[in-house]
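For reference, the chains in residue letters:
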Amino acid sequence: MSSSPDKLVYMANQIGKFFHSQGHDRAVQGISEHIWKFWDPRMRKQIFAHLDAGGAGLDPDVLDALQKLRQQA
Amino acid sequence: MSLIQETDFGTPKSKSETMVTLTIDGNQITVPEGTSIMRAAMEAGTQIPKLCATDMVDAFGSCRLCLVEIDGRAGTPASCTTPAMNGLVVHTQSERLKKLRKGVMELYISDHPLDCLTCAANGDCELQDMAGAVGLRDVRYGYEGENHVFAKSHGCENDNWMPKDESNPYFTYDPSKCIVCSRCVRACEEVQGTFALTISGRGFDSRVSPGMSESFLGSECVSCGACVQACPTATLTEKSVIEIGQPEHSVVTTCAYCGVGCTFKAEMRGEEVVRMVPWKDGKANRGHSCVKGRFAWGYTTHKERILKPMIRERIEDPWQEVSWDEALNFAAAKFKGIQQKYGRDAVGGITSSRCTNEETYLVQKLIRAGFGNNNVDTCARVCHSPTGYGLSATFGTSAGTQDFDSVEQTDVVLIVGANPASAHPVFASRLKKRLRQGAKLIVIDPRRTEMVESPHVKALHLPLMPGTNVAVLTALAHVIVTEGLANESFVRERCDWSEFQDWAAFVADPKNSPEATAIMTGVDPNDLREAARIYATGGNGAIYYGLGVTEHSQGSTTVIAIANLAMVTGNIGRPGVGVNPLRGQNNVQGSCDMGSFPHELPGYRHIAGDAVREQFEAMWNVKLNKEPGLRIPNMFDAAIEGEFMGLYVQGEDILQSDPNTKHVVAALSAMECVIVHDLFLNETANYAHVFLPGSTFLEKDGTFTNAERRIQRVRKVMTPLNGYADWEVTIMLAKAMGFEMKYNHPSEIMDEIAALTPTFAGVSFAKLEELGSVQWPCNEKAPEGTPVMHIGGFVRGKGKFIVTEYIATDERTGPRFPLLLTTGRILSQYNVGAQTRRTENVVWHAEDRLEIHPHDAEQRGVRDGDWVRLTSRAGETTLRAEITDRVAPGVVYTTFHHPDTQANVITTDFSDWATNCPEYKVTAVQISPSNGPSDWQKAYDEQARNSRRIAPVVEAAE
């Protein structure tokens, strides 16, 4: 977990794993809300950049949640 | 100002609601049934002479001084053990009573030294008072006979005489002055619950004895001070009183150690503290204390305190002492320069959970309004941030639900990942008292803590593998749901029913059963089922938890699982039940309440909410940033990436307390300006460019908020040695940066907090003066505060059940790191030890030790006391081993109080999914024999010594 996208991907997936048991739709809602509420803009910018670069390593719920969040932003 | 004299009613207050009326000395008095005649008389203003009675402990009836006459009853009963009854006619003074009392006192004094003038209790001696009260004028027996008073009698050694025991660093035991009233023994049993003291021998041979005639220090004594407080003579006396003399005035204030928030009288002589005595009206502690609050305040005047501001360009340079102006201007110029060069968001700050609410509020205000960003965080990030998240999601408030008094009505106590006997000792004493009355105790902890087994207390212990909290708690819920023990009517009325059904279906899944999860958790399924049944059906069930819950990858999930358990059993919303996080630091609740988190303003309101933010903007007259700021671990990451360059740290030692020390060192080293505002050159200061001297809790006014949400006054008893209270320093720093904040007194800061925060709307210094303390919410709906929350309904509306899937941490054991390290605290030390290491408390704990099971130790050739190397994926350190079966095979344990051990070199970057609270409690490690300090420890020590150099001041020539 040295470079920053890896760490952010790990953190985002950790959030995803908590919400996963609530089903896809509620998970996507929960994940995007959580990241919006608690991540500072710098971290969000970095994860969006990673998303643009293909979003490697992001779990499916998380990928959807980040796309949803970026559309809102 | 004068010395606050608390009335001693002789026996404890009766809680009965039935009243009885009796006549004492011709006056009618009505008291609750069960009140002693002694207490009834005192309530009416008549003090019956007494020696063995005091209202902190039950009546004992041994001194025979408190005799009274009752019409129609034979003899002269002791008023302390005789209950008041309807229609009794009592006389407290008569010829017969006078004679009897005088006779009793004469016997006492015939075996007591008459060195009153030079005695430490001179001015505060109940024996002397009683001799005066009964009119004793003569001791006919003389002092020639057998006695305990003189070392030699008739030229020979006196075998009855015992020398003073000065082994305890804070008090002495002088057996020659003992009247064997047993107050100390009973205080140790009834108040503290340690049972360290006893009376050995019978009759004339009776002696107070710590353990089996051991020294106080060598016995089980935990130095809480209850015995010293109870002693009516100079037998047990604070060494500070012996050295200084009796205090002349006192001020009520709040302890600055743990989250229990004990109230003390600071007993003073001028500006010198003579002693700290727990205040009986303190609602958190009810007159009790622990070794830290009672005795360990010597750090406040320790020679290592830094009293002058210091600066340096580079951390390799020695410190330079400068004026306040120069230091503040230097700091302001650096911060402004950083913001110009790297952007507005490149600086931030950390508020202190040891400082007052008012000080914390000002630091977050400086950051949000002065720095213009929301990069503010606090040490709760690394302890109870998951509590905030979890309880807010399920109940709607980020705090415990009860007051401490609630435990007196609890039938089943469930402790999860907490060791109150060490970390919250005064609450532990109150809890143990309830347990001795018959309440049941369940402890979920990897380690057999002091709570699991103590005198007259035996818990049902579920020793789980570190990291499996969620699996264990979900299995408890499984048993409750599948065995039909859920409180359906409560859930239907108070919680969201469809969410409950989803949750119930989830927990009922056989994969969550105790039998299925045992392979991961290591907990005996039968014990777990038994625990679930006891909690669900044993009456009022209360959960108390600590950092063993929060400091995990699934910390927030565990808090949610706890809330689920309380809801499914209906154990919420009345006295005796609830969910109670035991807060670590004195004001960690307050620092969270005061808006120390980057995403929320005071009162837990998200920064993005326009309406709330606009209120603050109007009051502060500045535009606020609506984006959440960086949390502490995010600040470190950003620093290493070169985007976060300046940090103001008030009263925290992040280098020692935060995980993965190497990462923290890298982050701090990367910053261009670190301002440390503290009492001492702590570990973080080794990487700082500006040092602003801090003030202690004795040197300022303000408030602390304890784990019960109780807001209590901190009162200034001496002038700040460094010149300024911390709130004044923050104002000066803000001014240097061009942001003016004007307050003449902390009460004005509290007024601003109350104006902006609905849960604090009714709080003011005037109200605290009037009521002593209040628990928030305190507003129009609850003008005197809220002892118990969620009565009749949850703050968020319907209680929310949330599914808690167990996800194993990625910190795994394997061939290279086969053991799990978990961390905790010890009674005598506090947090990073910055305060307690600078007191005599080091006699109990001079170094951190590694607890290891005999089996694991033998495999590695480690003997008790050997130096061992402790290695994890993050780093390595060395410390000495203590072989014990308190820990299970496969688990090792240490404390983190000493910087030379640096337990956090070992801990990793893993953190709670929701809040980034670090996973301190689970680290995969290996242990091997070692010869001494690791290379890291040596390098660290050298850097620290270098960094702490202060350049000699060169006097300018005239």
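Along every chain, residues carry numbers that run from 1 in the direction the sequence is written. For naming, the first written chain is A and the first written ligand is 1, with later ones following in the order written. Given that the model is predicted, a residue must reach a pLDDT of at least 70 before its local features are reported, and side-chain atom pairs must reach 80 or more before they are shown or counted; all residues, however, enter totals for whole chains, interfaces and linings. To obtain the side-chain values, all non-hydrogen atoms of the structure were included, while hydrogens and water were left out.

Draft legend 1. Summary view of the overall build of chain A. Each helix and strand in chain A was counted, giving 4 helices and 0 strands. The helix and strand labels rest on DSSP assignments: H or I over at least four residues marks a helix, E over at least two residues marks a strand, and numbering proceeds from the N terminus. Counting from the amino terminus, helix and strand elements in chain A follow one another as α-α-α-α. Across its three principal directions, the C-alpha atoms of chain A cover 30 × 25 × 20 Å. In chain A, which comprises 73 residues, the share counted as buried stands at 49%. For chain A, the computed accessible surface area is about 3,500 Å², with 54% contributed by carbon and sulfur atoms. In this count, Lys and Arg are taken as positive residues and Asp and Glu as negative ones, while His and the chain termini are left out. The atoms used to mark charge sites are NZ of Lys, CZ of Arg, CG of Asp and CD of Glu. Of the charged side chains in chain A, 9 are positive and 8 negative, and the gap between their average positions amounts to 6 Å. For every residue, the accessible area (1.4 Å probe, protein chains only) is compared with the maximum for its type, and the residue is labelled buried under 20%, exposed over 50%, or partly exposed between those bounds. Only the protein chains shown count as cover for residues, and all accessible areas are computed by the Shrake-Rupley method using a 1.4 Å probe.

Draft legend 2. View of helix α24 (residues 661-670) of chain B. Three or more residues of α24 of chain B are buried, namely Thr-661, His-663, Val-664, Val-665, Ala-667 and Leu-668 of chain B. Residues count as neighbours in contact if any of their non-hydrogen atoms are within 4.5 Å of one another. Close packing links the buried residues of α24 of chain B with α1 (4-20) of chain A together with α22 (632-640), β27 (646-650), α23 (654-657), β28 (673-678) and α29 (935-947) of chain B.

Draft legend 3. Main features of the environment of Leu-819 of chain B. All names here are of chain B. Within the secondary structure, Leu-819 sits in strand β33 (residues 819-824). On the basis of relative accessible area, Leu-819 is assigned to the buried category, the value being 2%. For the pair Leu-819 and Asn-158, spaced 661 residues apart in sequence, the C-alpha separation works out to 57 Å. Leaving out residues up to four positions away in the same chain, Leu-819 has contacts with Thr-813, Asp-856, Arg-860, Gly-890, Val-892, Thr-923, Ala-924, Val-925, Gln-926 and Ile-927.

Draft legend 4. The packing of α22 of chain B against α24 of chain B, seen in detail. Residue and element names in this part refer to chain B. The geometry of α22 relative to α24 is characterised by a closest axis approach of 8 Å and an angle of 60° between their N-to-C directions. With respect to α24, the element α22 is oriented oblique. As α22 packs across α24, the resulting crossing turns out to be left-handed. Seen from α22, the contacting residues are Phe-636, Asp-637, Ala-639 and Ile-640; seen from α24, they are His-663, Val-664, Ala-666, Ala-667 and Ala-670. Note on definitions: angles span 0 to 180 degrees between N-to-C directions of axes, and those axes are lines fitted to C-alpha atoms, for helices only across the stretch in contact. Working definition: roughly parallel below 35 degrees, roughly antiparallel above 145 degrees, roughly perpendicular at 65 to 115 degrees, and oblique for all remaining angles. Take the far helix as your reference; a near helix turned counterclockwise from it by less than a right angle gives a left-handed crossing, and one turned clockwise gives a right-handed crossing.

Draft legend 5. Local environment of empty space enclosed by the protein. Residues and elements named next belong to chain B. Cavities and pockets are defined on a 1 Å grid built over the protein atoms alone: a cavity is a set of grid points where a 1.4 Å probe fits but cannot escape, while a pocket is an open set with protein on both sides within 12 Å along at least five of seven lines, and lining residues are those with an atom within 4 Å of any such point. Grid points are joined across faces, edges and corners, and a volume is the space filled by probe spheres set on the points. Using the criterion set out here, one finds 12 cavities of 30 Å³ or more in the structure. Taken as a whole, the largest cavity holds about 360 Å³ of empty space. Around the largest cavity sit 29 residues that line it, and Gly-417, Ala-418, Gly-548, Thr-823 and Lys-921 are the ones nearest its centre. Secondary structure elements with two or more residues in the lining of the largest cavity: α11 (420-423), α18 (547-550) and β33. A per-element tally of the lining of the largest cavity places β33 first, with 3 residues. Tallied by class, residues from the lining of the largest cavity come to 10 nonpolar, 14 polar and 5 charged. Two domains each donate at least three residues to the lining of the largest cavity, and these are domain 3 (385-581) and domain 4 (819-946). Residues are sorted three ways: Asp, Glu, Lys and Arg are charged, Ala, Val, Leu, Ile, Met, Phe, Trp, Tyr, Cys and Pro are nonpolar, and all the rest, Gly among them, are polar. For the domains described, the bounds stem from an automatic or database domain assignment.

Draft legend 6. Layout of the sheet that holds strand β24 (residues 578-581) of chain B. Residues and elements named next belong to chain B. Between any two strands, pairing holds if DSSP finds at least two bridges. Here 5 strands make up an open sheet; going across it, the order is β22-β19-β18-β23-β24 and the pairing parallel. Two strands in the sheet have a free side with no partner beyond their single neighbour: β22 (460-462) and β24. Across the sheet, the mean angle from the axis of one strand to that of its neighbour is 15°, orientation sign disregarded. Alignment of strand β19 (residues 440-444) against β22, held across 3 bridges, turns out to be parallel. Bridging from a neighbouring strand, Val-443 pairs with His-461 of β22. Most of the contacts of helix α12 (residues 425-436) go to strand β18 (residues 412-416), to which it runs at about 140°, and overall it touches β18, β19 and β23 (541-545). The sheet strands contacting helix α17 (residues 525-537) are β18, β19, β22 and β23, and the helix crosses β22 at an angle near 125°.

Draft legend 7. Structural context of unusual backbone geometry. All names here are of chain B. For the bond from Trp-776 to Pro-777, the omega torsion is -5°, close enough to zero to count as cis. Among the structural elements, Pro-777 can be located in the loop between β32 (773-775) and β33. If you check the backbone angles, Tyr-604 has positive phi at about 60° while not being a glycine. In this structure, Tyr-604 sits in the loop between β25 (600-601) and β26 (605-606).

Draft legend 8. Spotlight on the nonpolar core. Residues and elements named next belong to chain B. Leu-236 and Leu-441 are the most contacted members of the largest nonpolar core, which totals 67 residues. Per element, the largest residue contribution to this core is 5 residues, and it comes from α12. There are two domains that each give this core at least three residues, and those are domain 2 (310-383 + 587-775) and domain 3 (385-581). In terms of nonpolar packing, the next biggest core, distinct from the first, is built from 64 residues, Trp-324, Ala-399, Leu-601 and Phe-616 among them. Definition used in this section: a nonpolar core is a set of buried Ala, Val, Leu, Ile, Met, Phe, Trp, Tyr and Cys residues joined via side-chain atoms within 4.5 Å.

Draft legend 9. Representation of helix α2 (residues 24-38) of chain A. Given a helix with a known number of residues, its expected span is that number minus one, times 1.5 Å. The terminal C-alpha atoms of α2 of chain A, which comprises 15 residues, lie 21 Å apart, in line with the 21 Å expected from a rise of 1.5 Å per residue. Those residues of α2 of chain A hidden inside the fold are in contact with α1, α3 (41-52) and α4 (60-72) of chain A together with α10 (385-394) of chain B.

Draft legend 10. Fine view of the interface of chain B and chain A. Facing 31 residues of chain B, the contacting portion of chain A comprises 24 residues. Buried area is understood as the total, over both parts, of accessible area removed when two parts are fitted together, assessed with a 1.4 Å probe. For the pair chain B and chain A, the two sides together bury roughly 2,400 Å², of which 55% comes from carbon and sulfur. Salt bridge, as used here, is a side-chain nitrogen of Lys or Arg placed within 4 Å of a carboxyl oxygen of Asp or Glu. Taken together, the connections running from chain B to chain A amount to 6 salt bridges. For Arg-42 of chain A, the salt bridge identified is with Glu-641 of chain B, shortest N-O distance 3.0 Å.

Draft legend 11. Expanded view of the pattern of salt bridges. Residue and element names in this part refer to chain B. Per the counting criterion, the structure on display carries 66 salt bridges over all chains. As a salt-bridge pair, Arg-448 and Asp-885 come within 3.2 Å of each other at their nearest N and O atoms. Of this pair, Arg-448 sits in the loop between β19 and β20 (453-454) while Asp-885 sits in the loop between β36 (876-883) and β37 (891-895), and the two are 437 residues apart along the sequence. Among the residues examined, Arg-448 registers a relative accessible area of 30% and is labelled partly exposed. Asp-885 gets classed as partly exposed once you look at its relative accessible area, which sits at 45%. Across the pair Glu-708 and Arg-710 runs a salt bridge, and its minimum N-O distance is 2.7 Å. No difference in accessibility class separates Glu-708 from Arg-710, as the two residues are buried. Within the structure, one salt-bridge network assembled from shared partners comprises Glu-6, Asp-124, Glu-238, Lys-265, Glu-267, Arg-275 and Arg-294.

Draft legend 12. Expanded view of the side chain of Gln-402 of chain B. Residues and elements named next belong to chain B. Checked against the element boundaries, Gln-402 lands in the loop between α10 and β18. A polar side-chain atom of Gln-402 sits 2.8 Å from a polar atom in the side chain of Thr-401. Between N or O atoms, a polar contact is any pair within 3.5 Å; within protein, one atom must be a potential hydrogen donor and the other a potential acceptor, and residues adjacent in sequence are included only when both atoms are from side chains. A polar atom in the side chain of Gln-402 sits 3.1 Å from the side chain of Ser-406. Not counting the four nearest positions on each side in its chain, Gln-402 is found in contact with Arg-574, Pro-575, Gly-576, Val-577, Gly-578, Asn-580, Glu-708, Arg-709, Gln-775, Pro-787 and Val-788.

Draft legend 13. Looking closely at the packing of helix α2 (residues 95-109) of chain B against helix α3 (residues 126-133) of chain B. All names here are of chain B. In the contact formed by α2 and α3, the axes pass within 10 Å of each other and the chain directions differ by 140°. By the criterion of interaxial angle, the relationship of α2 to α3 is oblique. Where α2 crosses over α3, the two elements pack in a sense that is left-handed. Counting all contacts with α2, which are made through Met-105, Tyr-108 and Ile-109, the residues of α3 involved are Leu-127, Met-130 and Ala-131. Classifying every residue of the contact of α2 with α3 by side-chain character gives 6 nonpolar, no polar and no charged.

Draft legend 14. Region of interest: the domain arrangement of chain B. One can read the domain layout of chain B as domain 1 (19-133), domain 2 (310-383 + 587-775), domain 3 (385-581) and domain 4 (819-946). Domain 1 of chain B and domain 4 of chain B are separated by 54 Å when their C-alpha centres are compared.

Draft legend 15. Inspection of the side chain of Asp-165 of chain B at higher detail. Residue and element names in this part refer to chain B. Residue placement: Asp-165 occurs in the loop between β6 (156-157) and β7 (171-173). Buried charged residue Asp-165 carries no salt bridge. Nearest counter-charge: Lys-239, at 7.4 Å. Once residues lying within four places of it in the same chain are set aside, the contact partners of Asp-165 are Phe-171, Thr-172, Tyr-173, Ser-215 and Phe-216.

Draft legend 16. Geometry of the state of the cysteines. Disulfide: a pair of cysteine sulfur atoms within 2.5 Å of each other. This structure, assessed with the given rule, holds 0 disulfides over all chains. Considering cysteine sulfurs only, Cys-592 of chain B is the nearest to Cys-778 of chain B, which forms no disulfide, with 19 Å between them.

Draft legend 17. Summary view of the environment of Phe-48 of chain A. Residues and elements named next belong to chain A. Here Phe-48 is to be found in helix α3. Residues Phe-48 and His-20, spaced 28 residues apart in sequence, show a C-alpha to C-alpha distance of 21 Å. Apart from the residues within four sequence positions on either side, Phe-48 is in contact with Leu-66, Leu-69 and Arg-70.

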